[in-house]
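Chain by chain, the residues run as shown.
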Amino acid sequence: MLKVIATSTREVKSLNGLWSFALDTDPKFTSSSPWESTLPGNLECPVPASYNDIFPNHALRNHVGKVWYQRLVRIPKSWDGQRVFIRLDSATHEGEVYVNDRLVVKHVGGYTPFEADLTSAGVKAGEEVRITIGVDNILTRHSIPPGELQKNELGKTVQIIRHDFFNYAGLARSVRLYTVPLDVRVGDIKVVTDVEEKGGSGTVKFDLKLEGGDGTVTVDLVDRDGKIVTTSDSCSGKLTVPNPKLWGPGQPYLYNLSIKVSTTGNVVDEYSLPVGIRSVKISGTQFLINHKPFYFKGFGRHEDLTVIGKGHDDGWMVYDFELMRWTGANSFRTSHYPYAEEVYDYADRHGWIVINEVAAVGLNLHLGGGIFGKDERDTFSDEYCDATTQETHKQAIRELIARDYNHPSVVMWCITNEPGSQEKGAREYFQPLVELTKQLDPHRPVTFTNMGMALPDTDKIADLFDVIGINRYFGWYSETGNLELAEKKLEEELKRWAEKYKRPLVICEYGADTLAGLHMNPAQPWSEEYQCEFLTMYHRVFDRIEAVVGEHVWNFADFSTGPGIIRVDGNKKGVFTRDRRPKMAAHTLKNRWGGLWEEAK
Ligand code: BDP
């Protein structure tokens, strides 16, 4: 799916800002078709933002079901003769878009974009239309992530989720109108790069799809100074770049693939795609970027902010990247869902390494026993994650890869977090998903994150993956307060993973809840000192195991969760507080990872 950009043949109009807003339960609704009239009440909700924390109101925060957004939009008169689309970067978890009283698109899946062709729907340039967007936050056992609805003793519907972050919903990313040429245009581009082992030359394989008719194409690879390095006049091919400037960690050199489509000698469409020339390969227990061993230093994160929840905000995004850079981190995982596209664009432009995760979290009925409640069912069965869930999961993988295929920063797909991979049915569930991922993208390694109940001997899926992600909490959920015993257990287990699987291990989560400002000597759980000692102990162990090629601390910052007796105002495993103040552990990491780095020019 092409990113929305403005070029000489394409225009963009943001629909971000305040929209009229109502819950579907609003008693003032007079019609069962909210899109046919103006919304009741006078609430306004910002876009992009999750709506839950905008209003200090239980009914809104904990609403289960649909909400409605509405606004009037004038289609620019100057767009006459062009094809107009509406693009929603996400609607969490299901969206439906109406133009006046006409449904133009419905989409399932809360973290990937979707769009509708408004021109085909009869919308004309210069016209004013009423756009109404329904967004449903319900998670069922057939959604990704899965969840369930239950009725409580008051007869109210409650949402059961099996993941440890608040179920923020709404329009948390941009909504835009954009134009493309009415007929012949660039429909999609896929780019794969490679680097010769000695670095002497690089290749850019491209595959361009035209839509709306036929045309001739010019594909130029342009360097940063605007010089055309190599060129082609076909829709697919392989460009060779002698002595390329490589893209790599902290080394964000980007070329531009500049595409022009012509009919009868006139340029009818132009599109341009940033391209980082780099290679990613696995060799034994090493993770190689541009043929050099890479060690992941960084964080599992969340899109999580006060007030706007999972709303994308450029200011906070840059600040988060700067804080990570200050620690010396070089990478992060988009736990536990695809992030806003702006995050990947920024990572491309600044040399960050990204493990990109599908929103498949909570495929595990037995995780943490007490945390989510006991359950007798099998996770991968007709009673929970069944063939329909698997289909939704496949679609989530397809949409993520379609959106993010061209980002040099993305080095690996993570197709699930902490599934019940020791359970029967897990292999039957995941094998087709790994195969699909590899078929859609044969060039990137595929990983998952394993949780502590599925051990090297009982896990049924780890061998399917190129890299094994491991989340461990010795010293926190078990051996609480006993780092000496935790160290022994951690080392023993990691050695078993290394011996059995002989492939790279990335520790994708390790961390301890820590109350900022709580100091204790000797260190005790919840104190800042304990978090430092905990992380330092893990680092000692990692350094003793060659197959460990990365460490992502859980979590970059404290984040919001649902209510529960083991969460006080959310999950406190952040190295930064929710408002991004450093805990002592930030300095521990800075010392280990080397602190502030400068991008190579
Ligand atoms: C893991 C999950 C993560 C949780 C974390 C924790 O992957 O989402 O937030 O543990 O308990 O189980 O803090």
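Only a predicted model underlies this, so the values are computations on that prediction, with no experimental measurement involved.

Scoring rules and cut-offs
- Residues numbered from 1 in each chain as written.
- Predicted model: local features only at pLDDT ≥ 70, side-chain atom pairs only at ≥ 80, totals over all residues.
- Heavy atoms only, no water.
- Buried < 20%, exposed > 50% of the residue type's maximum accessible area, 1.4 Å probe, protein only.
- Helix = DSSP H or I, 4+ residues; strand = E, 2+ residues; numbered from the N terminus.
- Pairing = 2+ DSSP bridges.
- Axes fitted to C-alpha atoms, helices over the stretch in contact; angles between N-to-C directions.
- Near = heavy atom within 4 Å.
- Polar contact = N/O pair within 3.5 Å; in protein donor to acceptor, adjacent residues only side chain to side chain.
- Areas by Shrake-Rupley, 256 points an atom, 1.4 Å probe, with all protein chains shown as cover.
- Nonpolar A, V, L, I, M, F, W, Y, C, P; charged D, E, K, R; others polar.
- Parallel < 35°, antiparallel > 145°, perpendicular 65-115°, else oblique.
- Left-handed = near helix turned anticlockwise from the far one by under 90°.
- Contact = heavy atoms within 4.5 Å.
- UniProt positions renumbered as here; feature names shortened; annotations may be inferred.
- Domains from an automatic or database assignment.
- Buried area = accessible area lost by both parts, 1.4 Å probe.
- Salt bridge = Lys/Arg side-chain N within 4 Å of Asp/Glu carboxyl O.
- Core = buried A, V, L, I, M, F, W, Y, C linked by side-chain atoms within 4.5 Å.
- Disulfide = S-S within 2.5 Å.

> What am I meant to see in the pairing of strand S15 (residues 185-195) here?
Within a regular beta strand, the side chains point alternately toward one face of the sheet and then the other, so they alternate between its two faces. For S15, the tally of buried residues reaches eight of 11 residues, placing the bulk of the element in the interior. One ladder, built from 10 bridges, connects S15 with strand S16 (residues 201-211); its direction is antiparallel. Note on S16: the bridge partner recorded for Val192 is Lys205. Here S15 hands over to S16 after five residues, with Gly199 in that stretch at a positive phi of 80°.

> Would you take a moment to explain the sheet that holds strand S3 (residues 44-47) for this structure?
Sheet strands pair by backbone hydrogen bonding; their relative direction is either parallel or antiparallel. Pairing is antiparallel in the open sheet, where six strands are placed in the order S3-S2-S5-S10-S7-S8. Only two strands of the sheet have a single partner each, and these edge strands are S3 and strand S8 (102-108). Going across the sheet, the axis of each strand differs from the next one's by a mean of 30°, ignoring polarity.

> Can you help me understand the sheet that holds S16 in this one?
Taken together, the three strands give an open sheet; going across it, the order is S15-S16-S19, and neighbouring strands pair in antiparallel fashion. Of all the strands in the sheet, just S15 and strand S19 (236-242) have a single pairing partner and so form its edges. Geometrically, the sheet is characterised by an average inter-axis angle of 20° between neighbouring strands, direction not taken into account. Across seven bridges, the pairing between S16 and S19 is antiparallel. The partner of Gly202 across the bridge, within S19, is Val241.

> Explain the site of the ligand here, please?
Asp164, His336, Glu418, Tyr477 and Lys573 are the nearest of the 13 residues found near the ligand. Here Tyr473 contributes a side-chain N or O atom positioned 3.4 Å from an oxygen atom of the ligand. Here an oxygen atom of the ligand sits 3.1 Å away from a polar atom, N or O, in the side chain of Trp554. For the ligand, the accessible surface in isolation is 320 Å², of which the surrounding protein chains cover 92%. Classifying every residue of the shell around the ligand by side-chain character gives four nonpolar, four polar and five charged.

> It is not clear to me how the packing of helix H2 (residues 314-327) against helix H3 (residues 341-350) should be interpreted in this structure. Could you clarify?
A pair of packed helices is characterised by two quantities: the angle between their axes and the separation of those axes. Closest axis-to-axis distance for the H2/H3 pair is 11 Å, and the angle between their directions is 40°. Considering the angle they form, H2 stands oblique to H3. Judged by the sense of rotation from one axis to the other, the crossing of H2 with H3 is right-handed. Residue-level inspection shows Asp314, Met317, Val318, Phe321 and Glu322 of H2 in contact with H3, the latter providing Glu342, Val343, Tyr346 and Ala347.

> What's the story with the side chain of Arg301 in this structure? I'm lost.
In this fold, Arg301 is placed in the loop between strand S27 (296-300) and H2. Judged by its relative accessible area of 5%, Arg301 is buried. Apart from the residues within four sequence positions on either side, Arg301 is in contact with Asp320, Phe321, Met324, Phe332, Arg333, Ser335, Tyr339, Trp554, Asn555 and Phe556.

> Which parts of the structure should I look at to understand the UniProt feature "domain: Glycosyl hydrolases family 2 sugar binding" (unreviewed entry) in the protein?
Within the UniProt annotation, "domain: Glycosyl hydrolases family 2 sugar binding" (unreviewed entry) is assigned to residues 12-181. End C-alpha atoms of residues 12-181 are separated by 13 Å, and the span's content is 2% helix alongside 45% strand.

> Honestly, the environment of Asp463 in this entry has me stumped. Any pointers?
Position of Asp463 relative to the elements: it lies in the loop between strand S31 (446-450) and strand S32 (467-471). Sequence separation between Asp463 and Arg503 is 40 residues, and the spatial gap between their C-alpha atoms is 9.3 Å. Among residues more than four places away in sequence, those in contact with Asp463 are Arg427, Tyr501 and Arg503. A polar contact of 2.8 Å, which involves the side chain of Asp463, links it to the side chain of Arg427.

> Looking at this model, I keep getting lost on the domain arrangement of the protein. Mind explaining?
Accessible area lost during the coming together of the parts is what is often quoted as the interface size. You can read the domains of the protein as domain 1 (12-181), domain 2 (185-278) and domain 3 (294-593). Relative placement of domain 2 and domain 3: their C-alpha centres are 34 Å apart. Summing both sides of the interface, domain 2 and domain 3 together bury roughly 1,200 Å²; the carbon and sulfur share of this comes to 63%. Here domain 2 and domain 3 share zero salt bridges between them. Taken together, the elements giving at least two residues each to the side of domain 2 that touches domain 3 come down to S15, strand S20 (247-248) and strand S21 (251-252). Of all the elements, S15 adds the most residues to the side of domain 2 that touches domain 3, at four residues. Each residue belonging to the side of domain 2 that touches domain 3 can be placed in one class, and the counts come to eight nonpolar, four polar and two charged.

> Help me understand the nonpolar core in this model?
One broad rule of soluble globular proteins: the nonpolar side chains tend to lie buried together. Counting residues in each nonpolar core, the largest one holds 89 residues, and the members touching the most others are Phe299, Phe321, Trp352, Leu494, Tyr510 and Phe534. For this core, the element with the highest residue contribution is helix H7 (residues 528-543), accounting for eight residues. Composition of this core by domain shows at least three residues from each of domain 1 (12-181) and domain 3 (294-593).

> What is the right way to look at the state of the cysteines in this model?
The term disulfide refers to a covalent linkage connecting the sulfur atoms of a pair of cysteines. Within this structure, the stated rule accounts for zero disulfides. With no disulfide of its own, Cys385 lies 16 Å from the sulfur of Cys414, the closest cysteine sulfur. Note on Cys385: relative accessible area 2%, which makes it buried. Cys508 provides the cysteine sulfur closest to Cys414, a residue in no disulfide bond, and the two sulfurs are 6.2 Å apart. Note on Cys414: relative accessible area 0%, which makes it buried.

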